Amino acid sequence: MNSNEINEVIDKLCEKLGIAASRISDIVPSIVKMKITDSIGCVIIFLILSVVLFCIHCKMEKPEDLFKTNWKRIAGIASLLFFIIAMFFAVDTVEWIVAPEAKAIEYVVNMIQRS
């Protein structure tokens, strides 16, 4: 990859972030803020979904007929899955907070590889 291709990726990132930058070090803080915000938003959304489904699970009664759909079990499993997804996003958020430069470099390298 030559410097022109890297500059194109930096320009694309700057357009996405709405900033002007001449070097990759100029955009790292903006990338970190964007990714932390995205991760926290996903954690909140999936935790809300998990809590709502868990409340539905707790309020439902188990069906007496074995051949009826067991919505209580489905709501419980979905609640657990949404909680697990929220935890994955929480780990991602912590990684962005603890090592922002490393995660930003990883993000930029992935952007370069995709283009």
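Keep in mind the model is a prediction, meaning the values are calculated, not measured.

1. Digging into the overall build of the protein
When you go through the protein residue by residue, the secondary structure sums to four helices and zero strands. Along the protein, from the amino end to the carboxyl end, the secondary structure elements read α-α-α-α. Relative to its full complement of 115 residues, the protein shows a buried share of 24%. Considering only residue pairs separated by 6 or more positions, the protein has 60% of its internal contacts joining residues 24 or more positions apart. Surface summary for the protein: the accessible area is close to 8,200 Å², and the carbon and sulfur share equals 66%.

2. So, the environment of F82
Here F82 is to be found in helix α3 (residues 71-98). Using a relative accessible area of 24% as the deciding quantity, one classes F82 as partly exposed. Note: C-alpha distance between F82 and V51 (31 residues apart in sequence) is 9.0 Å. With sequence-adjacent residues up to four places away left out, F82 is seen in contact with F46, L49, S50 and L53.

3. Remarks on the pattern of salt bridges
Summed over all chains, the structure comprises three salt bridges. Linking E95 and K103 is a salt bridge whose minimum nitrogen-to-oxygen distance equals 3.2 Å. Classification of E95 as partly exposed rests on a relative accessible area of 36%. Linking K103 and E106 is a salt bridge whose minimum nitrogen-to-oxygen distance equals 3.8 Å.

4. Some words on α3
In an α-helix, one full turn covers 3.6 residues, which means residues spaced three or four apart are oriented alike. Taking 1.5 Å of rise per residue, 28 residues should cover 40 Å, and α3 covers 40 Å from first to last C-alpha, within 8% of that figure. Every buried residue belonging to α3 is among A75, S79, A86, T93 and W96, and all of these are buried.

5. Topic: the confidence of the model for the protein
Here the protein averages 82 in pLDDT, while 80% of its residues score no lower than 70. Taking the mean pLDDT of every element in the protein, the minimum, 69, falls on helix α1 (residues 3-17) and the maximum, 93, on α3.

6. Brief notes about the packing of α3 against helix α4 (residues 100-114)
Packing of α3 against α4 brings their axes to within 5 Å, and their N-to-C directions diverge by 110°. What the angle tells us is that α3 and α4 run roughly perpendicular. Facing α3, whose interface residues are D92, E95, W96, I97 and V98, α4 presents P100, K103, A104 and Y107. Taken together, the residues of the contact of α3 with α4 break down into six nonpolar, no polar and three charged.

7. Remarks on the environment of A86
Looking at the element boundaries, A86 is found in helix α3. For the pair A86 and S50, spaced 36 residues apart in sequence, the C-alpha to C-alpha distance is 8.6 Å. Apart from residues no more than four positions distant in its own chain, A86 is found in contact with V43, F46 and L47.

Criteria and cut-off values
- Residues numbered from 1 in each chain as written.
- Predicted model: local features only at pLDDT ≥ 70, side-chain atom pairs only at ≥ 80, totals over all residues.
- Heavy atoms only, no water.
- Helix = DSSP H or I, 4+ residues; strand = E, 2+ residues; numbered from the N terminus.
- Buried < 20%, exposed > 50% of the residue type's maximum accessible area, 1.4 Å probe, protein only.
- Contact = heavy atoms within 4.5 Å.
- Areas by Shrake-Rupley, 256 points an atom, 1.4 Å probe, with all protein chains shown as cover.
- Salt bridge = Lys/Arg side-chain N within 4 Å of Asp/Glu carboxyl O.
- Expected span 1.5 Å × (residues − 1).
- pLDDT = per-residue confidence, 0-100.
- Axes fitted to C-alpha atoms, helices over the stretch in contact; angles between N-to-C directions.
- Parallel < 35°, antiparallel > 145°, perpendicular 65-115°, else oblique.
- Nonpolar A, V, L, I, M, F, W, Y, C, P; charged D, E, K, R; others polar.

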